[in-house]
Amino acid sequence: LSVSAGATFNMSGRNLGVTGSLVAAGTLQATAAETITASGSVDFSAAGNNFTQASSQLIMQGAATNLSAPQETFYDLSFSAAGTVTLQSAVTVGHDLAIGAGATLAGNNFNLSVGRNWSKNAAGGFTAGTGTVFFTGATTALITGSTTFNNLSCTATGKTLQFTAGSTQTISGTLTVTGAAGAANLISLVSSSLGSPWVLDCASPQTVTFALVRDGD
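Residues numbered from 1 in each chain as written. Predicted model: local features only at pLDDT ≥ 70, side-chain atom pairs only at ≥ 80, totals over all residues. Heavy atoms only, no water.

1. Some points on the overall build of the chain
In terms of regular secondary structure, the chain is built from zero helices and 30 strands. Its C-alpha radius of gyration of 18 Å places the chain within 12% of the 17 Å reference for a compact globule of 217 residues. Based on the C-alpha atoms only, the size of the chain along its principal axes is roughly 50 × 35 × 30 Å. Taking all contacts inside the chain whose residues are at least 6 apart in sequence as the whole, residues at least 24 apart take part in 28%. Accessible surface computed for the chain: about 8,800 Å², of which carbon and sulfur atoms make up 51%. Across the chain, the 5 positively charged side chains and the 8 negatively charged ones have centroids separated by 6 Å. (Helix = DSSP H or I, 4+ residues; strand = E, 2+ residues; numbered from the N terminus. Rg over C-alpha atoms; globule rule 2.2 N^0.38 Å. Contact = heavy atoms within 4.5 Å. Areas by Shrake-Rupley, 256 points an atom, 1.4 Å probe, with all protein chains shown as cover. Lys, Arg positive; Asp, Glu negative; His and termini not counted. Charge placed at Lys NZ, Arg CZ, Asp CG, Glu CD.)

2. A few points about the nonpolar core
Among soluble globular proteins, nonpolar side chains are generally buried collectively. Ranked by size, the top nonpolar core spans 50 residues in total, and within it L67, F79, L97, W118 and F135 carry the most contacts. Apart from the residues lying within four places of it in its own chain, the contact partners of L97 are L77, F79, L105, L112, V114, N117, W118 and S119. (Core = buried A, V, L, I, M, F, W, Y, C linked by side-chain atoms within 4.5 Å. Buried < 20%, exposed > 50% of the residue type's maximum accessible area, 1.4 Å probe, protein only.)

3. Looking at unusual backbone geometry
Backbone geometry places A64, a non-glycine residue, at a positive phi of 55°. Summarising the element assignment, A64 is placed in the loop between β9 (57-60) and β10 (65-68). The phi angle at N109 is positive, at roughly 75°, despite the residue not being glycine. Looking at the element boundaries, N109 is found in the loop between β16 (103-106) and β17 (112-114).

4. Comments concerning the sheet that holds strand β18 (residues 118-120)
Strand order in the open sheet formed by 10 strands is β3-β6-β9-β12-β15-β18-β21-β24-β27-β30, and the pairing between neighbours is parallel. Both edges of this open sheet fall to β3 (16-18) and β30 (211-213), since each of them pairs with a single strand only. Each neighbouring strand pair of the sheet contributes to a mean axis angle of 10°, computed without reference to strand direction. (Pairing = 2+ DSSP bridges. Axes fitted to C-alpha atoms, helices over the stretch in contact; angles between N-to-C directions.)

5. What to know about the sheet that holds strand β5 (residues 27-29)
Pairing within the open sheet is parallel, and its three strands lie in the order β2-β5-β8. What marks the edges here is a single partner per strand, and that holds for β2 (8-10) and β8 (51-52). Looking at chain direction, β2 and β5 are connected through three bridges and run parallel. Note on β5: the bridge partner recorded for N10 is Q29.

6. Examining the packing of aromatic side chains
Counting across every chain of the model gives seven aromatic pairs. Relative to F74, the ring of F51 has its centre 5.5 Å away and its plane inclined at 40°; by these criteria the two rings are tilted. Of this pair, F51 sits in strand β8 while F74 sits in strand β11 (residues 73-74), and the two are 23 residues apart along the sequence. Residue F51 shares its accessibility class with F74, and that shared class is buried. On the basis of an interplanar angle of 80° and a centroid distance of 5.1 Å, the ring pair of W118 and F126 is categorised as edge-to-face. For the pair formed by W118 and F126, the shared burial category is buried. Aromatic rings pair up to connect F44, F51 and F74 into one cluster. (Phe/Tyr/Trp six-rings, centres within 6.5 Å; stacked < 30°, edge-to-face > 60°.)

7. Remarks on the side chain of T147
Along the polypeptide, T147 turns up in strand β22 (residues 147-149). Look past the residues within four positions of T147 in its chain and what remains in contact with it is W118, K120, F126, T168, Q169 and T170.

8. Here we look at the pairing of strand β26 (residues 175-178)
Where burial is concerned, the two faces of β26 differ: the one with L175 and V177 is buried and the one with T176 and T178 is not. Inspection of the sheet shows strand β23 (residues 151-154) paired to β26 by three bridges, in the parallel sense. Paired with C154 across the two strands is V177, which belongs to β26. Relative to strand β29 (residues 206-209), β26 runs parallel, the two being bridged by four bridges. What sits directly across from V177, in β29, is V208.

9. Points about the environment of S80
The topology assignment puts S80 in the loop between β12 (76-79) and β13 (83-87). Once the C-alpha coordinates of S80 and M60 are considered, the two residues, 20 residues apart in sequence, prove to be 6.3 Å apart. Dropping the residues within four chain positions of it, S80 is found in contact with I59, M60, Q61, A101 and A103.

And the structure:
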């Protein structure tokens, strides 16, 4: 499916399935909680706003595909099929990002920004390259599953990062957590189950200020 420059494809509450590539030089417009399923690559790299997210979900279910959306924000973004999706730009997710069983997200040295939850199935994969995953916004983020990040950053004052009990988060690059003075402005790193540990394994520099860490090993 190709949306030509100057054109608008309004989904009007209907789900969209694309068996090949999805390219928007114009605007693909979600209006509610539509689901967009793409079996091929997704290219929203043309100049201007190529995608209106509403509360929609993009599900990438093709093998050996690419995702490029340097100026857009997705609401929910999921990777569900056996195979690898490779980023061709930085990507912003306003709500939840999920990597399913058999799927691999290759960061390709680009940054990812996630507004709420991060979920990686034990049989899924994430290769960060030299990129950074940023957790943004005030909403509590549930980080499900064990992931190896390159750089991990959160500077959203008052935010809580909640890690599933028993999980291990590995930081091969730099961990940056920067809150602010005052109890309401601390960034909290906690377990999903009070008293049940989670593990943070950092190989190199850490910058952690104005943070509350609980049940972390």
